[in-house]
Amino acid sequence: MKRPAPKHRPSPRSGEPRTATRTAEVTVTEVGARGDGIASFDDAKLFVPLTVPGDRVRVAVKEAANAKGDGLRADLLEILEPGPGRAAPPCSHFGTCGGCTLQHMEDAAYAAWKVGLVQGALARVGLGDTPLEPLSRTPPAARRRARFAALKRGRRVWLGFNERMSHRLTDLAECPVLRPGLFALVEPLRGLLLSVLPDGGGCDVIATELEGGIDLVLVGPRSLDRAARERLVAFGEAERVARISWQADERGTSEPIAHRRPLAVSFAGLPVTPPPGAFLQASAEGEAALVAAVLATIGEPKRVADLFAGLGTFAVPLAQRAAVHAVEGDAPALAALNKAAGSLRLTTERRDLFESPLTAKELARFDAVVFDPPRAGAAAQAQALAGSKVPRVVAVSCNPATFTRDARTLVDGGYALSRVYPVDQFLWSAHVEVVGVFSRP
Ligand SMILES: C[S@@+](CC[C@H](N)C(=O)[O-])C[C@H]1O[C@@H](n2cnc3c(N)ncnc32)[C@H](O)[C@@H]1O
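Throughout, a residue's number is its position along its own chain's written sequence, starting from 1. Whole-chain, interface and lining totals are the exception, using all residues; otherwise, since this is a predicted model, local features are given only for residues with pLDDT of at least 70 and side-chain atom pairs are given and counted only at 80 or more. Each side-chain value is derived from all of the structure's non-hydrogen atoms; neither hydrogens nor water enter the calculation.

Q: I would appreciate a short explanation of the domain arrangement of the chain in the present structure.
A: By convention here, the domain bounds are inherited from an automatic or database domain assignment. Here the domain parsing of the chain yields domain 1 (3–86), domain 2 (112–139 + 280–439) and domain 3 (145–265). Placing the centre of domain 2 and that of domain 3 at their C-alpha centroids yields a distance of 31 Å. We call two residues in contact whenever any of their non-hydrogen atoms come within 4.5 Å of each other. Taken together, the contact between domain 2 and domain 3 spans six residues of the former and seven residues of the latter. Of the roughly 500 Å² buried where domain 2 meets domain 3, counting both sides, 70% is carbon and sulfur surface. The largest share of the area that domain 2 buries against domain 3 comes from Leu280, Ala282 and Trp428, three residues that together contribute 69% of it. Summed over both partners, the accessible area (1.4 Å probe) lost when two parts come together is defined as the buried area.

Q: Explanation requested: the packing of aromatic side chains in the structure shown.
A: The description of an aromatic ring pair rests on the distance of the ring centres and on the angle between the ring planes. Centres within 6.5 Å make a pair out of two Phe, Tyr or Trp rings, where for Trp the six-membered ring is used; the pair is then stacked when the planes are under 30 degrees apart, edge-to-face when over 60, and tilted otherwise. Taken as a whole and assessed by the stated rule, the structure comprises three aromatic pairs. Look at phenylalanine 403 and phenylalanine 438: their rings are 6.2 Å apart centre to centre, the planes differ by 50°, and that puts the pair in the tilted class. Of the two residues, phenylalanine 403 sits in helix 10 (residues 400–412) while phenylalanine 438 sits in strand 22 (residues 433–439), which places them 35 residues apart along the sequence. Each member of the pair, phenylalanine 403 together with phenylalanine 438, is buried. Working definition: helices are DSSP H or I runs of at least four residues, strands are E runs of at least two. Numbering for both runs from the N terminus. Only protein chains enter the area calculation, which uses a 1.4 Å probe; residues under 20% of their type maximum are buried, those over 50% are exposed, and those in between are partly exposed.

Q: What exactly am I supposed to notice about the packing of helix 9 (residues 379–386) against helix 10 here?
A: Each pair of packed helices can be described by the angle between their axes along with the distance between the axes. For the pair helix 9 and helix 10, the least separation of the axes is 8 Å and the interaxial angle reads 15°. One finds that helix 9 runs roughly parallel with respect to helix 10. Here helix 9 and helix 10 pass one another in a crossing that is right-handed. Note on element contacts: helix 10 touches helix 9 through Arg405, Asp406, Thr409 and Leu410, opposite Ala379, Ala382, Gln383, Leu385 and Ala386. Under the scheme applied here, ten amino acids are nonpolar (Ala, Val, Leu, Ile, Met, Phe, Trp, Tyr, Cys and Pro), four are charged (Asp, Glu, Lys and Arg), and all others, including Gly, are polar. Looking at side-chain class alone, the contact of helix 9 with helix 10 contains five nonpolar, two polar and two charged residues. Fitting a line to C-alpha atoms yields each axis, with helices limited to the stretch in contact; the angle taken between N-to-C directions then spans 0 to 180 degrees. Working rule for angles: under 35 degrees goes down as roughly parallel, over 145 as roughly antiparallel, 65 to 115 as roughly perpendicular, anything else as oblique. Handedness of a crossing follows from how the near helix is turned relative to the far one, being left-handed for an anticlockwise turn of less than a right angle and right-handed for a clockwise one.

This is the structure in structure tokens:
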């Protein structure tokens with residue numbers, strides 16, 4: 001795994017310019033969709049990371065902000081006068097670590113900004129009048145799943161998240177976002193990887209805190225010799241890690257190296273054992289908010305289709321009140337759901353919903369549909385739903401841009417979007433999740 005060298009000293013908090021062409025003094029007026037402050041400069045938008053509205057700042061103006069040439073990017077050099085919405089970041093890595101974008105924003109302004117992301121995305125497709133529920137919040141120290149990057153150089157292992165706009169690593173000394181049990185593994189993992197990785201080698205570590213313990217997947221060491229496998233097994237014993245798997249590369253399948261204890265995640269009280277690396281909502285709190293919104297709005301259907309069902313986050317609670325057909329592309333996730341389902345009224349189907357969405361004819365047997373696609377959204381499935389007669393559709397999404405694109409398709413097909421629930425599952429990031437409720441009048 002190719003990874004540029006990490007810094008051997010802490011990165012500067014304000015991001016010294018590497019390719020500065022000129023400096024300027026500007027006032028930030030808003031925060032954009034990626035979490036950067038926006039000021040006006042030379043009749044163009046100037047994106048300044050780590051700023052809030054009202055900040056008067058000195059910046060180094062750099063390159064075009066994106067390939068389309070919409071605006072310019074700048075590095076923050078100095079805050080001349082802070083805006084009213086500034087707050088002290090809770091983490092010492094903030095500013096360099098790419099894991100968080102908005103710790104420097106006062107909480108009420110931060111929450112309003114997240115809601116504004118959803119409002120803005122809706123307005124861009126002509127759905128700006130849609131009523132919004134209050135933002136569901138996720139507290140600090142709640143993230144139960146993280147993907148760390150690691151790099152070994154000599155006798156040292158860097159382990160953490162990539163720096164902002166960079167492939168360099170922030171070597172984590174703290175992380176207020178992660179559950180404490182997950183963060184406690186960071187230092188022992190450095191010790192493990194020191195003995196497993198070759199000099200100059202790197203890997204990613206997907207760590208998930210489940211019922212029963214921590215589930216680890218090492219992604220990236222091309223090969224593991226016998227000694228390395230034995231070290232992984234010993235690490236599992238010493239650190240009470242419930243399962244360790246290894247995956248040679250991103251697309252490979254994961255091979256279990258040690259499985260010491262049963263692992264599960266419970267949906268509506270039903271324990272499901274996730275296969276290594278399977279998708280899981282990033283926090284129990286975020287998951288609870290999404291499930292509550294789905295259950296509150298699905299109505300009283302007899303037959304529900306749960307599309308992009310994963311391990312059954314929605315399918316299982318829905319199956320306690322209706323017959324559910326869960327459709328998902330990932331075979332191991334579906335197998336885990338099937339194994340757990342027992343007496344639930346649940347059927348499953350493995351299917352690529354991008355290539356082969358449920359047709360209007362197939363959809364006719366359902367009186368409600370839930371769909372929760374990856375960030376790319378569900379363009380083809382939304383098109384098929386738009387041509388269907390399903391009375392209620394509840395869409396869950398981690399990407400307001402693709403959600404609103406698909407919402408527009410449904411509305412153009414005759415659905416009314418009655419309300420949207422914003423959920424802040426990815427604390428201090430520029431991400432926001434939504435649940436949208438569509439009905440045929
Ligand atoms: C955002 S996750 C949601 C999973 C589940 N609803 C949950 O909340 O845990 C998206 C799911 O879509 C699945 N997926 C991705 N691409 C797919 C495709 N083309 N066809 C079917 N499923 C797909 C992924 O495996 C993943 O389980």
